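Coordinates in review
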Amino acid sequence: MGDPIQLKDEGNKYFQSGDIDKAIECYTNALKECTDKKVQAVIYRNRSACYLKKESYTNAVSDASKAIDENASDIKALYRRCQALEKLGKLDMAFKDVQRCATLEPKNKTFLETLRRLGGEIQAKLKTTFSTDSRVQNMFDILLDEEMDKEKKEKAANNLIVLSREDAGAERIFENNGVPLLLNMVETGKPEMILAAVWTLSGMCTGHKARAMAILNMVGVDKICSIMALDNEEIALGACNLFQCINDSLTGGDSRDYGKEASLVLDASKDLKTILLALLEMIASKKVSGHGRDQALNLLTRNVPRKDMKEKDHSKTLFTIDHGLKKILKVCGQVSELPDQLPLTENSQLIASVLLNKLYDDLKCDPERANFREICDEYIKSKIDPNNMDKTLHAINTISGLLQGPFDVGNSLVGQQGVMEMMVALCSSERDVDQMVAVEALIHASTKMSRASFFITNGVSLLKDIYKKTKNEKIKIRALVGLCKLGSAGGDDYSLRQFAEGSTEKLAKQCRKWLCNPQIDSKTRKWAIEGLAYLTNDADVKDDFVEDELAMKAMFELAKSRDKTILYAVACTLVNCTNSYDKKEIIPELVQLAKFSKQHVPEQHPKDKKDFIEKRVKRLLKAGVTSALAVMVKADTAILTDQTKEMLARVFLALAEDPKDRGTIVAQGGGKALIPLALEGTEKGKVKASYALAKIASVSNPEIAFPGERVYEVIRPLVSLLHTDKEGAENYAALRGLTNLAGFSEKLRTKMVKEKALPEIENHMFEENERIRLAATECMCNLVTCKEVQARYLEDGNDKLKLLILLCGEDDEKLQIAAAGGLAMITASEKKLCTKMTRVTAQWLEILQRLCLHTNPSIQHRGLVIVYNMLNSDDAELAKKLIESEMLEILSVIGKAEDNPKRQNPIDVARTCLVKAMDLGLIKPFTSPS
């Protein structure tokens, strides 16, 4: 700390030099030390200017107000507050401030212009408001008119939804008695009216905490739950979205400054708790449809566990476990073939398993995990009843759900006395439903190698027996999957085959046969893909599968269906077929050591070599794998877990390996599908997806690969690959992708600068790796036309320009073309840089002469353009220095050369340079003697 006046002066210097963060720090420290009210007011006023630059408008208003409180006539503070208020949309308050400024300085043109402009904007806003009010009323009149034709009603509903997504429109609907009218639409009971009302309410609740709380209390949590409980998938999804919008607004999705009203909308904890309890009630209620239950489970999965494990508060998870764990287990235990079950969809039980897994992963310590296991254990014990087989089936099915979620919890329950015996006994039951539930439980229980080996000795004969004896296709296919899973327990290790040679191929052939049979229901065919997900660890099975185009297309069609429980199995199968899983590096020395010590050494299957993998990728692309992947990525469900997203990203990366295939991927929607995978998921998954995006972006037309606004979403994933902790190949692909995008539009170049790509690209321009250094320089060459990049080159205290000049002197011709091209463009745009060139390095003239004398016409052309830019830079001394050097002789030799189509560009530019030198009076035209 120090003297406040000195700190204030330091802050002023930082502000003038453009270092706003340092300026704010100095002003803040000065305020801590300062006791003089008048000096404090000046510091607040100055810090307000900093916040304006940082676009932190709420802080700018606050600081300017503190300065005005001390001196009501502080014209600078008044105008700064006016600017900040305008940006916050508070036009009437901004108008009052600038009106006061104009009164104090009536001849100030800036104040008068702002006063006129704000007055016009307020008038326009009032006009819009009044016209919007009448439009809103008109829309409701149409929607609630029983006799109005359907087309007009649809148009009015769509207009209402669009209007609600704009803040001003949402406010108009709310203030014009909109919520009661929307409830009237719900009461009509017509699906299209309910849907329009729900989506309009969602728009009104988005990003506005006060309005979201008001709507929640007017509509009521129970009412929204009753809408979500309807047996209509679209309405259930709409109600789920409404709850999500309310939750987001109440938990920090609203950045507004409410000022004195903040206390009225601050505490939303009671409302959030009410919503949580209502959702927990929904998941175990018979009155709720399958679609409604799915959405309730989805909402819990999204909003209860922590998104970031660094957050300390996980009270929502503990509350959910105490009040709702048994209800979630109840969903897992439902057996649809039995009477009196909860209404479910094909996805419900897997979504419940995903929720259980996320809740368990969110626990912090052993006592919390022990409590989770105890509740599960108590629930299972309460359901196992030797005298009531239906209750016992529920218990076994619940264990299956746990095995698909928190595996360790399910595994410990399977290991308890009597559970395994119960499963074996059920397998021998005469009832089909008993066998089906038991076989599914056995399949899920044999996930770990140790348990698989137990089943191989005890369960194979049992499953084979069921497979041979049963006439029920549903049981037969499940028994087959159990055998598939046991047969693949060795993974892709060729030496660890569990079954005899050829057995896995026979199992796979039967799976493919079922998969291609349209007479079998989709739920049963799904199990065929489960079997292939295990068996495709074997390279023979992979090769047979990709040869069977009908089987591949059947799998892709199922992947596009409404049953999303299939996503993981399809993703596993594709990862296996493309060999895109992580492979352990085999070090020859360690292999020899392992053999010597008689340890197991993994062996690679001959068909897992590169050329076989490439053939499989080509066949998958031909069968339409990309369009299936694109549909899978769009699945708006908790079943699309981060692990599944990572697998999809791995498959995309394998498909994009060959540049010739990238056009096919783009044509089938792969470019768009990769963006969400690069932005959400596991860290490894995001890197893989970003890498695939970079490969596509480097060779594709951005307008086609990423249509509309999506192209701007590509920048961030690509910039993330530039970090030094990433692989060199990833750095290179990202630079190539950014180079292509930077050459496309000014908006994309500006977006790259905002995403802080510039420092990363410059770091790679120093790289020892020649390919990366060239890619970085080419990328910079495309970026230098951006005004913000030029401003960085103009700043003092950096070596950006020096680096570009020195790269022009390298021996690599491609590098010279890129660096000289960048230098030519930037010196044409900013004349001051021509003079700066001579200051940053003493070698500038020597390098420039080398460029102009180069045998490559492309390099020579760029060098001569730089010379012309220097002659045209309005710096007479620089122009004189150039012409007095050997450069005049170089220009004369090139300019006097005969026209040559191969070298015409350099010749023309050299002649233009000589004409410019004549215009400047530095040389005289040649005249022949009379």
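**A look at the overall build of the chain**
Scanning the chain for helices and strands turns up 54 helices and 0 strands. Over its C-alpha atoms, taken along the principal directions, the chain stretches across nearly 120 × 75 × 65 Å. Taking all 930 residues of the chain together, the buried fraction comes to 53%. Considering only intrachain contacts with a sequence separation of at least 6, the fraction spanning at least 24 residues in the chain is 69%. In the chain, 134 positive and 133 negative side-chain charges are present, and the distance between their average locations comes to 1 Å.

**Looking at the packing of aromatic side chains**
Taken as a whole and judged by the stated rule, the model has 2 aromatic pairs. Ring plane angle 50 degrees and centroid distance 5.2 Å describe the contact between tyrosine 79 and phenylalanine 111, whose orientation is recorded as tilted. With a gap of 32 residues between them, tyrosine 79 in helix α5 (residues 75-87) and phenylalanine 111 in helix α7 (residues 109-143) connect regions that are remote in the sequence. The same class applies to tyrosine 79 and to phenylalanine 111, which are both buried. Lysine 615 extends its terminal NZ or CZ atom over the ring of phenylalanine 612, reaching a point 5.7 Å from the ring centre. The ring of tyrosine 732 has arginine 771 lying over it, and the distance from NZ or CZ to the ring centre is 4.2 Å.

**Let's talk about helix α11 (residues 191-205)**
For α11, which comprises 15 residues, the first-to-last C-alpha distance of 21 Å matches the rise-based estimate of 21 Å (1.5 Å per residue) to within 8%. The buried fraction of α11 amounts to 12 of the 15 residues, a majority that puts the element mostly inside the structure. Among the residues of α11, Met193, Ile194, Leu195, Ala196, Ala197, Val198, Thr200, Leu201, Ser202, Gly203, Met204 and Cys205 are the ones counted as buried.

**Looking at the packing of helix α21 (residues 389-404) against helix α22 (residues 407-414)**
One can describe the packing of α21 onto α22 by two numbers: an axis separation of 6 Å at closest approach and a directional angle of 140 degrees. Comparing the axis directions of α21 and α22 gives the class oblique. When you trace α21 past α22, the crossing you get is left-handed. Together, Ile399, Leu402 and Leu403 of α21 and Phe407, Val409, Gly410, Asn411, Leu413 and Val414 of α22 make up the contact between the two elements. Grouping the constituent residues of the contact of α21 with α22 by class yields 7 nonpolar, 2 polar and no charged.

**Concerning the pattern of salt bridges**
Scanning the model with the defined rule gives 43 salt bridges in all. Of the charged contacts in the structure, one is a salt bridge between aspartate 63 and arginine 47, with a shortest N-O distance of 2.5 Å. One end of the pair, aspartate 63, is in helix α4 (residues 57-70); the other, arginine 47, is in helix α3 (residues 37-53), and 16 residues separate them in sequence. As far as burial versus exposure is concerned, aspartate 63 and arginine 47 are alike and both buried. Between glutamate 683 and lysine 686 there is a salt bridge, with the nearest N and O atoms lying 3.1 Å from each other. Remark: lysine 686 and glutamate 683 occur in helix α39 (residues 683-699); sequence separation between them is 3 residues, near one turn of the helix. Among the residues examined, glutamate 683 registers a relative accessible area of 56% and is labelled exposed. By relative accessible area, which is 21% here, lysine 686 ends up partly exposed. Connected through shared salt-bridge partners, Glu86, Arg117 and Glu121 make up one network.

**A short note on the environment of asparagine 472**
As for its placement among the helices and strands, asparagine 472 is situated in the loop between α26 (460-469) and α27 (473-487). A C-alpha to C-alpha distance of 35 Å links asparagine 472 and alanine 630, two positions 158 residues apart in sequence. In this structure the side chain of asparagine 472 is engaged in a polar contact, spanning 2.8 Å, whose partner is the backbone nitrogen of lysine 474.

**What about unusual backbone geometry?**
At glutamate 55, a position not held by glycine, the phi torsion is positive, near 65 degrees. Tracing the backbone shows glutamate 55 in the loop between α3 and α4. Of note, aspartate 340 is a non-glycine position whose phi angle comes to about 60 degrees, a positive value. Within the fold, aspartate 340 resides in the loop between α18 (315-332) and α19 (348-361).

**Quick look at the nonpolar core**
Within the largest apolar cluster, 268 residues are counted, with the highest numbers of intra-cluster contacts made by Met228, Phe372 and Leu515. Leucine 515 has contacts with Arg525, Ala528, Ile529, Leu532, Phe545, Ala551, Ala554, Met555 and Leu558, leaving out every residue within four places of it along the chain. Counting 35 residues, the second largest nonpolar core, distinct from the first, contains Ala23, Leu52, Cys82 and Ala102.

**Describing the environment of isoleucine 890**
Along the polypeptide, isoleucine 890 turns up in helix α53 (residues 887-896). As a C-alpha pair, isoleucine 890 and lysine 802 span 88 residues in sequence and 24 Å in three-dimensional space. In this structure, isoleucine 890 is in contact with Gln849, Cys852 and Leu853, ignoring residues within four places of it in sequence.

**Notes on the environment of aspartate 661**
Within the fold, aspartate 661 resides in the loop between α36 (642-655) and α37 (662-667). In the structure, aspartate 661 is positioned 319 residues away from leucine 342 in sequence and 47 Å away in space, judged by C-alpha atoms. Among all residues touching aspartate 661, those that are not within four sequence positions of it are Lys618, Leu621 and Leu655.

**Quick word on the side chain of glutamine 295**
By the secondary structure assignment, glutamine 295 is in helix α17 (residues 290-303). Given the relative accessible area of 9%, glutamine 295 is considered buried. In contact with glutamine 295, other than residues within four places in its own chain, are Met228, Ala236, Leu237 and Cys240.

**What to know about the confidence of the model for the chain**
Chain-level pLDDT for the chain is 86 on average; 91% of the residues reach the 70-or-more range. Within the model, pLDDT remains below 50 along residues 258-263, and this stretch shows 4 contacts once partners closer than five positions in the same chain are excluded.

**As for a negative patch on the surface**
A contiguous patch of negative charge on the surface is contributed by Asp149, Glu151, Glu154 and Glu192. Examined against the element boundaries, glutamate 192 turns out to sit in helix α11. Judged by relative accessible area, glutamate 192 falls into the partly exposed class, the value being 47%.

**As for the state of the cysteines**
What the rule picks out here adds up to 0 disulfides. Free cysteine cysteine 786: the closest other cysteine sulfur is in cysteine 779, separated by 12 Å. Overall, the relative accessible area of 1% leaves cysteine 786 in the buried class. This cysteine, cysteine 913, is not joined by any disulfide, and cysteine 852 carries the nearest cysteine sulfur, 7.7 Å off.

Thresholds applied
Residues numbered from 1 in each chain as written. Predicted model: local features only at pLDDT ≥ 70, side-chain atom pairs only at ≥ 80, totals over all residues. Heavy atoms only, no water. Helix = DSSP H or I, 4+ residues; strand = E, 2+ residues; numbered from the N terminus. Buried < 20%, exposed > 50% of the residue type's maximum accessible area, 1.4 Å probe, protein only. Contact = heavy atoms within 4.5 Å. Lys, Arg positive; Asp, Glu negative; His and termini not counted. Charge placed at Lys NZ, Arg CZ, Asp CG, Glu CD. Phe/Tyr/Trp six-rings, centres within 6.5 Å; stacked < 30°, edge-to-face > 60°. Lys NZ or Arg CZ within 6 Å of the ring centre and 35° of its normal. Expected span 1.5 Å × (residues − 1). Axes fitted to C-alpha atoms, helices over the stretch in contact; angles between N-to-C directions. Parallel < 35°, antiparallel > 145°, perpendicular 65-115°, else oblique. Left-handed = near helix turned anticlockwise from the far one by under 90°. Nonpolar A, V, L, I, M, F, W, Y, C, P; charged D, E, K, R; others polar. Salt bridge = Lys/Arg side-chain N within 4 Å of Asp/Glu carboxyl O. Polar contact = N/O pair within 3.5 Å; in protein donor to acceptor, adjacent residues only side chain to side chain. Core = buried A, V, L, I, M, F, W, Y, C linked by side-chain atoms within 4.5 Å. pLDDT = per-residue confidence, 0-100. Patch = residues over 30% accessible without salt bridge, like charges linked within 9 Å, V, L, I, M, F, W, Y side chains within 5 Å. Areas by Shrake-Rupley, 256 points an atom, 1.4 Å probe, with all protein chains shown as cover. Disulfide = S-S within 2.5 Å.

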